[in-house]
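One letter stands for each residue in the lines below.
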Amino acid sequence: MREPLHEIEDPILVRRAAAGDDEAFEVLMNRHQSRVYHHALRLMGNSQDAEEVLQDTFVQAYRNLSKFEERSRFSTWIYRIATNEALMRLRKAHRKREVLLEDAFGERGADEIRSFARSALDDVLDAETASFLEQALSELPDEYRAVFAMRDIDGLSNAEVAEVLGISVPAVKSRLHRSRLYLRNRLARVFGERLPSSEESRP
Amino acid sequence: MRINCRKVHELLSEYLDEELKEAVLRDLESHLDACPDCVLQVDSVKKVIRLYRESTAESMPVDIRIRLQDVLKRARESDR
């Protein structure tokens, strides 16, 4: 009896799809489309552009399956196609994303970081908070946003992110660190000022 | 290694990702034991990562799924 397709692991599905099994490709697509879409959404910042990136990614993957090298994972490969597609579109749009990534935070900042760190923000993740998280992420330069999103949101390893972006692992680590600090400072500035601390709010 | 607050700031991400060498990790943790400000630095970055992870939706809208299938079908047909 044939094993149900959805139980088969990626490498075997990729081999079957490359040999012309369209059903195998659909299973791969169903498995990875949501992560690719959310990744594209974070990079592009709107659902229309994200959908175009998603569509181009899977059409390209379908047409280039024979070029897929089995030493990498299908998920990493698909991220690479999606990321390149998104970054290319952002470059074409001449989007200027030159923000100053601040590492330092002054005296006033220290208080905000303190109340942010102690806040109960993650207990009540409301729409307003989610929208500000999105806003802060969109302020990062494109290549930094790509690193933070893949590493800290999607859970790829440093080596996988390096492979996707074609940069070194130390470069990934450096971008990740600076992105985290930038986001922390932005979030602390907005939420640190107005949130009750979880320690204070608990009896 | 002598670990001061500036060094903690530099090593924060590697600490959270458990990438520090044993000796550096020990020094950093003994600094943290004595420095509540640096503990806050660590906690605040941990919180950023947690917030972003939790805010992420897993599913994709159905209409986008359907349009993706259509696009792929058209690509297949045009390739044949």
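Residues numbered from 1 in each chain as written. Chains lettered and ligands numbered in written order. Predicted model: local features only at pLDDT ≥ 70, side-chain atom pairs only at ≥ 80, totals over all residues.

A tally of helices and strands in chain A yields ten helices and zero strands. In sequence order, the secondary structure elements of chain A are arranged as α-α-α-α-α-α-α-α-α-α. Of all 203 residues assigned to chain A, the portion counted as buried reaches 39%. (Helix = DSSP H or I, 4+ residues; strand = E, 2+ residues; numbered from the N terminus. Buried ≥ 20, exposed ≤ 12 C-beta atoms within 10 Å, placed from the backbone.)

Okay, the interface of chain A and chain B next. Across the boundary between the two partners, chain A contributes 30 residues, which contact 28 residues of chain B. By residue number, the principal contributor to the side of chain A that touches chain B is helix H9 (residues 169-191) of chain A, which donates eight residues. For the side of chain A that touches chain B, the class distribution of residues is 17 nonpolar, five polar and eight charged. (Contact = placed C-beta atoms within 7 Å. Nonpolar A, V, L, I, M, F, W, Y, C, P; charged D, E, K, R; others polar.)

Moving on, we get to the confidence of the model for chain A. All names here are of chain A. Of the residues in chain A, 84% reach a pLDDT of 70 or more, and the chain-wide mean stands at 84. Across chain A, helix H3 (residues 47-63) holds the top mean pLDDT of 96, while helix H10 (residues 198-201) sits lowest at 40. Counted against residues more than four places away or in other chains, residues 196-203, with its pLDDT under 50, gives eleven contacts. (pLDDT = per-residue confidence, 0-100.)

Here we come to the domain arrangement of chain A. Residues and elements named next belong to chain A. In terms of domain boundaries, chain A breaks down into domain 1 (5-92) and domain 2 (107-201). Every contact between the two is made by twelve residues of domain 1 and, on the other side, twelve residues of domain 2. Listing elements by their share of the side of domain 1 that touches domain 2, those giving two or more residues are helix H2 (22-44) and helix H4 (74-92). No other element matches the six residues that H4 contributes to the side of domain 1 that touches domain 2. Considering only residue class, the side of domain 1 that touches domain 2 consists of four nonpolar, five polar and three charged. (Domains from an automatic or database assignment.)

Time to look at the packing of helix H1 (residues 5-16) of chain B against helix H3 (residues 36-54) of chain B. Residue and element names in this part refer to chain B. It is at 10 Å that the axes of H1 and H3 come closest, and there the two elements cross at 35°. The element H1 and its partner H3 pack so that their crossing is right-handed. Residues Cys5, Val8, His9, Leu12, Tyr15 and Leu16 of H1 lie in contact with H3, whose contacting residues are Asp37, Cys38, Gln41, Val42, Val45 and Lys46. Classifying every residue of the contact of H1 with H3 by side-chain character gives eight nonpolar, two polar and two charged. (Axes fitted to C-alpha atoms, helices over the stretch in contact; angles between N-to-C directions. Left-handed = near helix turned anticlockwise from the far one by under 90°.)

All names here are of chain B. With phi around 55°, glutamate 18 is a residue other than glycine that occupies positive phi space. Along the polypeptide, glutamate 18 turns up in the loop between H1 and helix H2 (22-34). C-beta crowding within 10 Å serves as the criterion here: with 7 such atoms nearby, glutamate 18 is assigned to the exposed category.

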